[in-house]
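This is what each chain is made of:
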Amino acid sequence: MPSALSQVQRRAVSELLRVAPVADDLARRFQEAGFSLALVGGSVRDALLGRLGNDLDFTTDARPQDVLKIVRPWADAVWDVGIAFGTVGAQKDARVGDADRRFQIEVTTFRSEAYDRTSRKPEVSYGDSIEEDLVRRDFTVNAMAVALPEKEFIDPHGGLEDLASRVLRTPGTPEESFSDDPLRMMRAARFAAQLDFEVAPEVIAAMNAMAGRIEIVSAERVRDELNKLILSPHPRKGLSLLVETGLADRVLPELPALHLERDEHHRHKDVYDHTLIVLEQAMALEDDGPDLTLRLAALLHDIGKPRTRRFEKDGRVSFHHHEVVGAKMTKKRMMALKYSNELVKDVSRLVELHLRFHGYGTGEWTDSAVRRYVRDAGPLLDRLHKLTRSDCTTRNKRKAAALARAYDGLEERIAKLQEQEELDSIRPDLDGNQIMEILGVGPGPVVGRAYKHMLELRLEDGPMEYDSAVAALKEWWAEQEG
């Protein structure tokens, strides 16, 4: 039976449809063609939470080819990349109130899907009723619908009550849900992080028991779910759940490995907890919304520590070269998760550079060292600033203040040198063509070596006048010939 709605809840559904007239418009077209249409899942959940955006999800009894016939004349753009799974995508521009809005729409045929024991892709079969469709959804808060155009609220699994309680439960048993699609175990962690909801105890128990099933899911689907979790407002909550249930052991084993056993004198802090604090501190420094590159670097910056930990003779604990080892581990893990080459390169570079500042001390670096810091960071300099500042989690206020002052000083020196020398685009004072002309040589390895030498001089001594650069090049060439 549909759940009873209070006046406030009815107003929420009405408001949803008032601000999205495209929903009624589209529903009438389906009705005229003899089919039903309902707003469903995350769109209904987000409307009730007051956070509906321009993404609208619908479900229908029409088969995908019928959906295409209805949607094509109406939408501004249509795509059918998900049609094998019963989904047709569309874009519709519409005026809502005083504003023009662009809606991203997905219409999916009633369906049920399940994995077999070895498949990485769900097998799709179409259903004939919305109740059949809703029971196969991941969580009760995503198993609500609004039938259109009559605006009947459909909630057979108590999603509204769970939404009010801010809890994640499954429509059927968690074991059935996770057998249908093991990725739902990660989605539980992701929704906990996105919505700041609690996960029901029976769901957590099933995640613990079935964690191994995640291994049949493709790396791309795991990666996409992990990204949504990491980019959420409360990633610590989701990551902690992945670690506690054993899912992280399968998808990101470097994270639980940070739970290092501390020596009896507690001479080093818990690296796992430190990592989550660094992630949250990096988030606080973001300028233009969530930054996946920065957040991944914060999450992975210390993953080289378990492999490099040594107990020294004086009782101290060391992690020599953990940034170098960590950069290699980062590259390996991100490649296994099928991240883009560019993102792998950027995150690995940040992990490799995150300790460089700690050689700065109280400002002993030469201008040459500052130039190299900027040159090595390249376009990642702003993120490196944020990562380095976030990496200070000491409770010693005096020490934290000293580190912050030192980094303020480094940033001031970088700004000053950038103003004087255009540090972002450091080049030798002579380009390749000038080098060939001055030395009287053609293209080849010698030009590359000369260019590298001139770049080193530029980094070491700053800009040179043309005549000085020519003299320096000739001096180097004479040494080569000698």
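Let us look at the structure shown here. Model, not experiment: these values are computed from the prediction.

## As for the side chain of Thr 293
- With respect to the helices and strands, Thr 293 occurs in helix H14 (residues 292–300).
- Other than its neighbours up to four places away in sequence, Thr 293 contacts Leu 343, Asp 346, Val 347, Leu 350 and Arg 383.

## Topic: the packing of aromatic side chains
- Per the stated rule, a full pass over the model turns up 4 aromatic pairs.
- Taking the centre distance of 6.0 Å and the plane angle of 85° together, the rings of Phe 139 and Phe 191 count as edge-to-face. Within this pair, whereas Phe 139 is found in the loop between helix H5 (130–135) and strand S8 (145–148), its partner Phe 191 is found in helix H8 (residues 183–195), the two being separated by 52 residues in sequence. Each member of the pair Phe 139 and Phe 191 is classed as buried.
- Both rings, one in Phe 357 and one in Tyr 407, keep their centres 4.6 Å apart while their planes meet at 70°; by these two values the pair is edge-to-face. Of this pair, Phe 357 sits in the loop between helix H17 (341–353) and helix H18 (367–377) while Tyr 407 sits in helix H20 (residues 397–421), and the two are 50 residues apart along the sequence. Exposure class is identical for Phe 357 and Tyr 407. Each is buried.

## So, helix H22 (residues 445–461)
- For H22, built from 17 residues, the straight-helix expectation of 24 Å at 1.5 Å per residue is met to within 8% by its first-to-last C-alpha distance of 24 Å.
- When H22 is considered as a whole, its buried residues turn out to be Val 446, Val 447, Ala 450, Met 454, Leu 455, Leu 457, Arg 458 and Leu 459.
- Where H22 ends, the next residue or the one after it, Gly 462, has phi of about 85°, a positive value.

## Section: helix H4 (residues 64–71)
- All of the buried residues in H4 are Pro 64, Val 67, Leu 68, Ile 70 and Val 71. Down the axis of H4, the smallest arc covering the buried residues is 165°, so these residues share one side. In H4, those exposed residues whose orientation departs by more than 90 degrees from the buried face are Gln 65 and Lys 69.

How each quantity is defined
Here the residue numbering is sequential within each chain, running from 1 through the sequence in written order. Totals for whole chains, interfaces and linings use every residue, but because this is a predicted model, local features are given only for residues with pLDDT of at least 70 and side-chain atom pairs only at 80 or more, for both listing and counting. Here the side-chain values reflect all heavy atoms present in the structure, with hydrogen atoms and water set aside. Each helix is a run of H or I in the DSSP string that is no shorter than four residues. Each strand is a run of E no shorter than two, and both are numbered from the N terminus. The contact rule is simple, with two residues in contact once any of their heavy atoms fall within 4.5 Å. Centres within 6.5 Å make a pair out of two Phe, Tyr or Trp rings, where for Trp the six-membered ring is used; the pair is then stacked when the planes are under 30 degrees apart, edge-to-face when over 60, and tilted otherwise. Classification of residues uses two cut-offs on accessible area relative to the type maximum, computed with a 1.4 Å probe and protein chains only: under 20% is buried, over 50% is exposed, and between them is partly exposed. Under the convention used throughout, the expected extent of a helix is 1.5 Å for every residue step, that is, one less than its residue count. The arc in question is the one traced by the directions running from the helix axis out to the C-beta atoms.

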